[in-house]
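Secondary and tertiary structure notes
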Amino acid sequence: MNTIAVIGAGTMGNGIAHVFAQSGYQVRLVDLSEEALANALATIEKNLQRLLSKGRIEESTVTETMGRIATSSELQKTVADVDLVVEAASERLDIKLKLFAELDASTPEHCILATNTSSISITQIAAATQRPEQVIGMHFMNPVPVMKLVEVIRGYSTSDQTTTTVLDLSKKLGKIPTEVNDYPGFVANRILMPMINESIETLFHGVAGVQEIDTVMKLGMAHPMGPLQLADFIGLDVCLSILEVMFEGFKNPKYAPCPLLVNMVRAGKLGVKSGEGFYDYS
Ligand code: CAA
(Lines give C-alpha, C1' and ligand atoms only; values in the text may rest on other atoms or scores of the structure.)
Protein backbone atom coordinates (compact mmCIF):
# COMPACT_ATOMS: atom_id res chain seq x y z
CA MET A 1 0.00 0.00 0.00
CA ASN A 2 1.51 3.27 -1.06
CA THR A 3 -0.92 5.35 -3.07
CA ILE A 4 -4.50 5.91 -1.98
CA ALA A 5 -7.28 7.67 -3.85
CA VAL A 6 -10.00 9.27 -1.76
CA ILE A 7 -13.16 10.00 -3.74
CA GLY A 8 -15.19 12.94 -2.44
CA ALA A 9 -13.71 16.00 -0.73
CA GLY A 10 -16.51 16.66 1.78
CA THR A 11 -16.21 16.43 5.56
CA MET A 12 -15.45 12.69 5.60
CA GLY A 13 -13.28 12.72 2.46
CA ASN A 14 -11.00 15.48 3.69
CA GLY A 15 -10.65 13.82 7.11
CA ILE A 16 -9.77 10.48 5.48
CA ALA A 17 -7.24 12.16 3.14
CA HIS A 18 -5.75 13.92 6.18
CA VAL A 19 -5.14 10.75 8.23
CA PHE A 20 -3.68 8.78 5.30
CA ALA A 21 -1.33 11.64 4.36
CA GLN A 22 -0.25 12.22 7.96
CA SER A 23 0.52 8.49 8.21
CA GLY A 24 2.90 8.68 5.25
CA TYR A 25 0.71 7.57 2.32
CA GLN A 26 0.54 9.38 -1.02
CA VAL A 27 -3.03 10.61 -1.36
CA ARG A 28 -4.99 11.62 -4.45
CA LEU A 29 -8.11 13.48 -3.41
CA VAL A 30 -10.72 13.41 -6.18
CA ASP A 31 -13.86 15.52 -6.48
CA LEU A 32 -15.84 16.91 -9.42
CA SER A 33 -15.82 20.33 -7.79
CA GLU A 34 -12.58 22.36 -7.75
CA GLU A 35 -14.11 24.50 -5.02
CA ALA A 36 -14.70 21.44 -2.80
CA LEU A 37 -11.07 20.38 -3.36
CA ALA A 38 -9.77 23.83 -2.41
CA ASN A 39 -11.98 23.88 0.71
CA ALA A 40 -10.79 20.39 1.68
CA LEU A 41 -7.12 21.39 1.46
CA ALA A 42 -7.83 24.50 3.55
CA THR A 43 -9.60 22.37 6.21
CA ILE A 44 -6.78 19.82 6.36
CA GLU A 45 -4.20 22.62 6.70
CA LYS A 46 -6.31 24.26 9.45
CA ASN A 47 -6.61 20.97 11.39
CA LEU A 48 -2.85 20.35 11.06
CA GLN A 49 -2.12 23.90 12.28
CA ARG A 50 -4.35 23.19 15.28
CA LEU A 51 -2.26 20.10 16.10
CA LEU A 52 0.93 22.15 15.60
CA SER A 53 -0.27 24.94 17.92
CA LYS A 54 -0.90 22.30 20.62
CA GLY A 55 2.63 20.95 20.16
CA ARG A 56 1.31 17.56 18.97
CA ILE A 57 3.20 17.66 15.66
CA GLU A 58 6.22 19.44 14.21
CA GLU A 59 6.13 22.17 11.58
CA SER A 60 7.75 19.68 9.15
CA THR A 61 4.79 17.28 9.60
CA VAL A 62 2.42 19.99 8.37
CA THR A 63 4.52 20.60 5.26
CA GLU A 64 5.14 16.92 4.56
CA THR A 65 1.49 15.95 5.08
CA MET A 66 0.25 18.70 2.77
CA GLY A 67 2.95 17.70 0.25
CA ARG A 68 1.56 14.15 0.10
CA ILE A 69 -1.91 15.27 -1.01
CA ALA A 70 -2.58 15.85 -4.71
CA THR A 71 -6.04 16.90 -5.89
CA SER A 72 -7.82 16.05 -9.12
CA SER A 73 -11.21 16.32 -10.75
CA GLU A 74 -10.48 13.58 -13.30
CA LEU A 75 -11.36 10.21 -11.83
CA GLN A 76 -10.15 7.70 -14.44
CA LYS A 77 -6.66 9.09 -14.95
CA THR A 78 -6.10 9.61 -11.22
CA VAL A 79 -6.96 6.08 -10.08
CA ALA A 80 -5.02 4.25 -12.82
CA ASP A 81 -2.07 3.35 -10.54
CA VAL A 82 -3.46 3.42 -6.99
CA ASP A 83 -3.39 0.55 -4.46
CA LEU A 84 -6.56 1.47 -2.59
CA VAL A 85 -9.59 3.63 -3.22
CA VAL A 86 -11.66 4.95 -0.31
CA GLU A 87 -14.94 6.27 -1.64
CA ALA A 88 -16.59 9.01 0.42
CA ALA A 89 -18.93 10.47 -2.20
CA SER A 90 -22.66 11.20 -1.79
CA GLU A 91 -24.72 8.65 0.14
CA ARG A 92 -26.78 7.70 -2.90
CA LEU A 93 -26.99 4.14 -4.15
CA ASP A 94 -27.19 5.13 -7.84
CA ILE A 95 -24.08 7.31 -7.56
CA LYS A 96 -22.13 4.60 -5.71
CA LEU A 97 -23.08 1.83 -8.16
CA LYS A 98 -21.99 3.94 -11.15
CA LEU A 99 -18.80 5.03 -9.38
CA PHE A 100 -17.78 1.49 -8.41
CA ALA A 101 -18.34 0.21 -11.94
CA GLU A 102 -16.07 3.04 -13.17
CA LEU A 103 -13.48 2.34 -10.46
CA ASP A 104 -13.51 -1.35 -11.35
CA ALA A 105 -12.75 -0.47 -14.97
CA SER A 106 -10.06 2.14 -14.20
CA THR A 107 -8.01 0.82 -11.26
CA PRO A 108 -5.24 -1.82 -11.35
CA GLU A 109 -6.29 -5.43 -10.72
CA HIS A 110 -4.73 -5.59 -7.24
CA CYS A 111 -6.49 -2.41 -6.04
CA ILE A 112 -8.90 -2.72 -3.09
CA LEU A 113 -12.10 -0.71 -3.45
CA ALA A 114 -13.34 0.52 -0.06
CA THR A 115 -16.41 2.60 0.69
CA ASN A 116 -16.97 4.89 3.66
CA THR A 117 -20.74 4.42 3.36
CA SER A 118 -22.62 4.70 6.64
CA SER A 119 -25.56 2.55 5.57
CA ILE A 120 -25.57 1.35 1.96
CA SER A 121 -25.04 -2.38 1.43
CA ILE A 122 -21.40 -3.28 0.73
CA THR A 123 -22.63 -6.45 -1.00
CA GLN A 124 -24.80 -4.42 -3.38
CA ILE A 125 -21.95 -1.99 -4.15
CA ALA A 126 -19.55 -4.93 -4.68
CA ALA A 127 -21.97 -6.51 -7.16
CA ALA A 128 -21.44 -3.51 -9.47
CA THR A 129 -17.82 -4.67 -9.92
CA GLN A 130 -16.03 -7.74 -11.28
CA ARG A 131 -13.97 -7.97 -8.05
CA PRO A 132 -16.48 -8.29 -5.19
CA GLU A 133 -13.86 -10.10 -3.07
CA GLN A 134 -11.82 -6.87 -3.10
CA VAL A 135 -14.69 -4.57 -2.09
CA ILE A 136 -15.07 -3.67 1.58
CA GLY A 137 -16.54 -1.08 3.93
CA MET A 138 -14.11 1.25 5.68
CA HIS A 139 -16.39 3.35 7.84
CA PHE A 140 -14.59 6.24 9.52
CA MET A 141 -16.28 8.38 12.19
CA ASN A 142 -16.56 12.17 12.16
CA PRO A 143 -14.29 14.04 12.98
CA VAL A 144 -11.98 11.54 11.29
CA PRO A 145 -8.67 12.88 12.67
CA VAL A 146 -10.03 12.57 16.23
CA MET A 147 -12.19 9.44 16.31
CA LYS A 148 -10.33 6.16 16.85
CA LEU A 149 -12.77 3.73 15.28
CA VAL A 150 -12.81 2.31 11.77
CA GLU A 151 -15.77 -0.02 11.29
CA VAL A 152 -14.50 -2.55 8.73
CA ILE A 153 -17.47 -4.12 6.98
CA ARG A 154 -17.24 -7.40 5.11
CA GLY A 155 -19.62 -7.76 2.21
CA TYR A 156 -21.00 -11.20 1.30
CA SER A 157 -18.03 -11.91 -0.99
CA THR A 158 -15.24 -9.90 0.67
CA SER A 159 -12.15 -12.13 0.99
CA ASP A 160 -10.15 -12.81 4.14
CA GLN A 161 -7.12 -11.30 2.42
CA THR A 162 -8.89 -8.01 1.67
CA THR A 163 -10.23 -7.87 5.23
CA THR A 164 -6.81 -8.53 6.80
CA THR A 165 -5.18 -5.90 4.58
CA VAL A 166 -7.74 -3.25 5.55
CA LEU A 167 -7.61 -4.15 9.27
CA ASP A 168 -3.79 -3.84 9.22
CA LEU A 169 -3.93 -0.63 7.24
CA SER A 170 -6.40 0.94 9.70
CA LYS A 171 -3.98 0.18 12.53
CA LYS A 172 -1.18 1.88 10.58
CA LEU A 173 -3.38 5.01 10.55
CA GLY A 174 -3.41 4.91 14.36
CA LYS A 175 -7.04 3.73 14.38
CA ILE A 176 -8.71 0.78 16.06
CA PRO A 177 -10.54 -1.28 13.46
CA THR A 178 -13.54 -3.47 14.27
CA GLU A 179 -14.67 -6.20 11.87
CA VAL A 180 -18.43 -6.47 11.29
CA ASN A 181 -20.76 -8.04 8.75
CA ASP A 182 -22.89 -6.34 6.13
CA TYR A 183 -26.42 -5.87 7.45
CA PRO A 184 -28.39 -2.58 7.45
CA GLY A 185 -26.73 0.06 9.65
CA PHE A 186 -23.80 -2.35 10.29
CA VAL A 187 -23.07 -2.00 14.04
CA ALA A 188 -22.36 1.70 14.61
CA ASN A 189 -25.54 3.10 13.14
CA ARG A 190 -27.74 0.15 14.08
CA ILE A 191 -27.17 1.17 17.69
CA LEU A 192 -26.58 4.92 17.36
CA MET A 193 -29.53 5.82 15.13
CA PRO A 194 -32.28 4.23 17.27
CA MET A 195 -30.86 6.22 20.21
CA ILE A 196 -30.94 9.46 18.22
CA ASN A 197 -34.44 8.64 16.88
CA GLU A 198 -35.67 7.89 20.41
CA SER A 199 -34.30 11.21 21.65
CA ILE A 200 -36.27 12.96 18.88
CA GLU A 201 -39.40 10.95 19.84
CA THR A 202 -38.86 12.04 23.45
CA LEU A 203 -38.80 15.68 22.31
CA PHE A 204 -41.77 15.13 19.93
CA HIS A 205 -43.88 13.73 22.77
CA GLY A 206 -43.03 16.70 25.00
CA VAL A 207 -41.32 14.63 27.65
CA ALA A 208 -38.48 17.16 27.87
CA GLY A 209 -36.82 20.00 25.94
CA VAL A 210 -33.76 19.85 23.70
CA GLN A 211 -31.31 21.01 26.36
CA GLU A 212 -32.78 18.71 28.99
CA ILE A 213 -32.59 15.60 26.78
CA ASP A 214 -28.99 16.34 25.83
CA THR A 215 -28.02 17.13 29.43
CA VAL A 216 -29.42 13.81 30.66
CA MET A 217 -27.35 11.88 28.14
CA LYS A 218 -24.18 14.00 28.48
CA LEU A 219 -24.02 14.11 32.25
CA GLY A 220 -25.90 10.91 33.01
CA MET A 221 -24.20 8.65 30.49
CA ALA A 222 -20.93 10.50 29.91
CA HIS A 223 -21.56 11.02 26.20
CA PRO A 224 -19.36 13.81 24.76
CA MET A 225 -22.41 15.28 23.00
CA GLY A 226 -26.11 14.87 23.68
CA PRO A 227 -27.99 12.85 21.02
CA LEU A 228 -29.79 15.90 19.58
CA GLN A 229 -26.55 17.87 19.28
CA LEU A 230 -24.93 14.80 17.73
CA ALA A 231 -27.82 14.52 15.24
CA ASP A 232 -27.23 18.16 14.25
CA PHE A 233 -23.51 17.42 13.90
CA ILE A 234 -24.07 14.31 11.71
CA GLY A 235 -26.80 16.05 9.65
CA LEU A 236 -30.50 15.39 10.11
CA ASP A 237 -30.82 14.35 6.45
CA VAL A 238 -28.08 11.75 6.98
CA CYS A 239 -29.80 10.45 10.14
CA LEU A 240 -33.11 10.20 8.26
CA SER A 241 -31.60 8.38 5.33
CA ILE A 242 -29.80 5.84 7.58
CA LEU A 243 -33.03 5.18 9.52
CA GLU A 244 -34.88 4.70 6.21
CA VAL A 245 -32.30 2.14 5.06
CA MET A 246 -32.71 0.20 8.33
CA PHE A 247 -36.52 0.49 8.29
CA GLU A 248 -36.60 -0.79 4.71
CA GLY A 249 -33.91 -3.42 5.30
CA PHE A 250 -35.40 -5.02 8.44
CA LYS A 251 -39.09 -4.16 7.82
CA ASN A 252 -39.26 -3.47 11.54
CA PRO A 253 -41.23 -0.46 12.89
CA LYS A 254 -38.65 0.12 15.60
CA TYR A 255 -36.52 1.84 12.97
CA ALA A 256 -39.34 4.10 11.68
CA PRO A 257 -38.04 7.69 11.62
CA CYS A 258 -39.78 10.07 14.02
CA PRO A 259 -42.26 12.36 12.16
CA LEU A 260 -40.49 15.38 13.69
CA LEU A 261 -37.21 14.32 12.06
CA VAL A 262 -38.99 13.87 8.72
CA ASN A 263 -40.58 17.33 9.02
CA MET A 264 -37.35 19.06 9.96
CA VAL A 265 -35.55 17.56 6.95
CA ARG A 266 -38.44 18.60 4.68
CA ALA A 267 -38.14 22.13 6.09
CA GLY A 268 -34.41 22.20 5.30
CA LYS A 269 -33.41 22.25 8.97
CA LEU A 270 -30.48 19.87 8.62
CA GLY A 271 -28.39 20.79 11.65
CA VAL A 272 -24.96 22.45 11.69
CA LYS A 273 -24.56 22.46 7.90
CA SER A 274 -27.80 24.40 7.27
CA GLY A 275 -27.34 26.71 10.27
CA GLU A 276 -30.31 25.28 12.18
CA GLY A 277 -31.46 21.96 13.56
CA PHE A 278 -32.33 21.26 17.17
CA TYR A 279 -29.96 24.17 17.93
CA ASP A 280 -29.36 27.48 16.16
CA TYR A 281 -25.91 27.85 14.57
CA SER A 282 -26.46 31.17 12.76
N1 CAA B 1 -10.97 17.92 13.08
C2 CAA B 1 -9.85 17.68 13.79
N3 CAA B 1 -9.76 17.76 15.12
C4 CAA B 1 -10.85 18.16 15.78
C5 CAA B 1 -12.05 18.47 15.13
C6 CAA B 1 -12.08 18.34 13.72
N7 CAA B 1 -13.18 18.58 13.01
N8 CAA B 1 -12.96 18.83 16.06
C9 CAA B 1 -12.35 18.75 17.24
N10 CAA B 1 -11.09 18.35 17.09
C11 CAA B 1 -10.12 18.07 18.14
C12 CAA B 1 -9.71 19.28 18.92
O13 CAA B 1 -8.57 19.89 18.37
C14 CAA B 1 -9.41 18.69 20.29
O15 CAA B 1 -8.11 18.12 20.29
P16 CAA B 1 -7.25 17.92 21.62
O17 CAA B 1 -8.00 16.93 22.47
O18 CAA B 1 -5.99 17.38 21.08
O19 CAA B 1 -7.15 19.25 22.26
C20 CAA B 1 -10.38 17.55 20.42
O21 CAA B 1 -10.78 17.21 19.08
C22 CAA B 1 -11.56 17.94 21.24
O23 CAA B 1 -12.13 19.09 20.62
P24 CAA B 1 -12.75 20.33 21.40
O25 CAA B 1 -12.07 20.49 22.72
O26 CAA B 1 -12.81 21.50 20.48
O27 CAA B 1 -14.27 19.96 21.58
P28 CAA B 1 -14.89 18.76 22.33
O29 CAA B 1 -14.10 18.35 23.50
O30 CAA B 1 -16.29 19.17 22.49
O31 CAA B 1 -14.80 17.56 21.26
C32 CAA B 1 -15.71 16.24 19.57
C33 CAA B 1 -15.36 17.65 20.01
C34 CAA B 1 -14.42 15.43 19.38
C35 CAA B 1 -16.42 16.36 18.24
C36 CAA B 1 -16.57 15.57 20.69
O37 CAA B 1 -17.65 16.40 21.02
C38 CAA B 1 -17.10 14.23 20.30
O39 CAA B 1 -16.41 13.22 20.41
N40 CAA B 1 -18.37 14.18 19.85
C41 CAA B 1 -19.01 12.96 19.42
C42 CAA B 1 -18.53 12.65 18.03
C43 CAA B 1 -19.17 11.41 17.49
O44 CAA B 1 -19.94 10.71 18.14
N45 CAA B 1 -18.82 11.11 16.24
C46 CAA B 1 -19.41 9.99 15.53
C47 CAA B 1 -20.57 10.50 14.74
S48 CAA B 1 -21.32 9.18 13.87
C49 CAA B 1 -20.42 9.04 12.47
O50 CAA B 1 -19.49 9.76 12.18
C51 CAA B 1 -20.75 7.92 11.59
C52 CAA B 1 -22.05 7.90 10.89
O53 CAA B 1 -22.18 7.02 10.06
C54 CAA B 1 -23.17 8.79 11.15
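Here the structure is a predicted model, which is why all the values come from computation and not from measurement. (Residues numbered from 1 in each chain as written. Predicted model: local features only at pLDDT ≥ 70, side-chain atom pairs only at ≥ 80, totals over all residues.)

**A look at the domain arrangement of the protein chain**
Here is the rule we go by: Marked domain ranges trace back to an automatic or database domain assignment. Throughout, a pair of residues is in contact if the C-beta atoms placed from their backbones lie within 7 Å.
You can read the domains of the protein chain as domain 1 (3–181) and domain 2 (189–274). Measuring from the centre of the C-alpha atoms in domain 1 to the corresponding centre in domain 2 gives 27 Å. On the domain 2 side, the residues contacting the five residues of domain 1 number six residues.

**Re the site of the ligand**
Inclusion rule: Contact assignment follows one rule, namely that a residue is near a molecule or strand if its backbone-placed C-beta atom lies within 6 Å of it. Under the DSSP-based scheme used, a helix requires at least four consecutive residues in state H or I and a strand at least two consecutive residues in state E, with every element numbered from the N terminus. Following the grouping adopted for this structure description, the nonpolar residues are Ala, Val, Leu, Ile, Met, Phe, Trp, Tyr, Cys and Pro, the charged ones are Asp, Glu, Lys and Arg, and the polar ones are all others, Gly among them.
Near the ligand, the surroundings consist of 16 residues, among which Ser-118, Met-141, Asn-142, Pro-143 and Pro-224 are the closest. Every element with two or more residues in the shell around the ligand is listed here: helix 2 (34–53), helix 8 (188–204) and helix 10 (227–234). When its residues are assigned to classes, the shell around the ligand shows 10 nonpolar, four polar and two charged. When residues of the shell around the ligand are assigned to domains, at least three map to each of domain 1 (3–181) and domain 2 (189–274).

**Focus: helix 1 (residues 11–22)**
Note the threshold: How far a helix is expected to stretch is found by multiplying one less than its residue total by 1.5 Å. Partly exposed residues are those whose C-beta has more than 12 but fewer than 20 other C-beta atoms within 10 Å; with 20 or more the residue is buried, with 12 or fewer it is exposed, and the C-beta atoms are placed from the backbone.
The first and last C-alpha atoms of helix 1 sit 17 Å apart over 12 residues, in line with the 16 Å expected at 1.5 Å per residue. Among the 12 residues of helix 1, 11 are classified as buried, and the element is accordingly described as predominantly covered. Within helix 1, burial applies to Met-12, Gly-13, Asn-14, Gly-15, Ile-16, Ala-17, His-18, Val-19, Phe-20, Ala-21 and Gln-22.

**Regarding the packing of helix 1 against helix 2**
Rules: Angles shown run from 0 to 180 degrees and are taken between the N-to-C directions of axes, each axis being a line fitted to C-alpha atoms and, for helices, limited to the stretch in contact. Here roughly perpendicular refers to angles of 65 to 115 degrees, roughly parallel to angles under 35, roughly antiparallel to angles over 145, and oblique to all remaining angles. By convention the crossing between two helices is left-handed if the near helix lies anticlockwise of the far one by an angle smaller than a right angle, and right-handed if it lies clockwise.
Here helix 1 crosses helix 2 at 55 degrees, and the two axes come no closer than 9 Å. Considering the angle they form, helix 1 stands oblique to helix 2. Handedness of the crossing formed by helix 1 with helix 2: right-handed. Listed contacts from helix 2 to Gly-13, Asn-14, Ala-17 and His-18 of helix 1 are Ala-40, Thr-43, Ile-44 and Asn-47.

**Here's the deal with the sheet that holds strand 7 (residues 149–154)**
Note the cut-off: Two strands form a pair only when DSSP identifies at least two bridges running between them.
Strand order in the open sheet made by the eight strands is 3-2-1-4-5-6-7-8, with mixed pairing throughout. What marks the edges here is a single partner per strand, and that holds for strand 3 (69–72) and strand 8 (176–181). The sheet shows a mean angle of 25 degrees between the axes of neighbouring strands, direction not considered. Looking at chain direction, strand 1 (residues 3–7) and strand 4 (residues 84–87) are connected through four bridges and run parallel. Bridge pairing links Ile-7 to Glu-87 in strand 4. Helix 2 rests against strand 2 (26–30) and strand 3 of the sheet, and its axis sits at about 165 degrees to strand 3.

**A short note on the UniProt feature "domain: 3-hydroxyacyl-CoA dehydrogenase C-terminal" (unreviewed entry) in the protein chain**
This is how the line gets drawn: UniProt positions are given in the numbering used here, feature names are shortened, and annotations may be inferred rather than shown by experiment.
Sequence positions flagged by UniProt for "domain: 3-hydroxyacyl-CoA dehydrogenase C-terminal" (unreviewed entry) are, in local numbering, residues 185–281. Helix makes up 62% of residues 185–281 and strand 0%, whereas the separation of the span's terminal C-alpha atoms amounts to 28 Å.

**Examining the pairing of strand 5 (residues 112–115)**
Burial along strand 5 is two-sided: the face carrying Ile-112 and Ala-114 and the face carrying Leu-113 and Thr-115 are both buried. Here four bridges tie strand 4 to strand 5, and the two strands are oriented parallel to one another. Counterpart to Glu-87 in the pairing with strand 5 is Thr-115.

**Topic: the nonpolar core**
How we decide: A set of buried Ala, Val, Leu, Ile, Met, Phe, Trp, Tyr and Cys residues, joined to one another through C-beta atoms within 7 Å, is what we call a nonpolar core.
Counting 73 residues, the largest nonpolar core has Val-6, Ile-16, Ala-17, Val-85 and Cys-239 as its most contacted members. When residues in this core are grouped by element, the largest group, eight residues, is from helix 11 (residues 236–250). Residue assignment places this core across two domains, with domain 1 (3–181) and domain 2 (189–274) each supplying three or more. Once residues lying within four places of it in the same chain are set aside, the contact partners of Val-6 are Gly-13, Ile-16, Ala-17, Val-27, Leu-29, Val-30, Val-86 and Ala-88.

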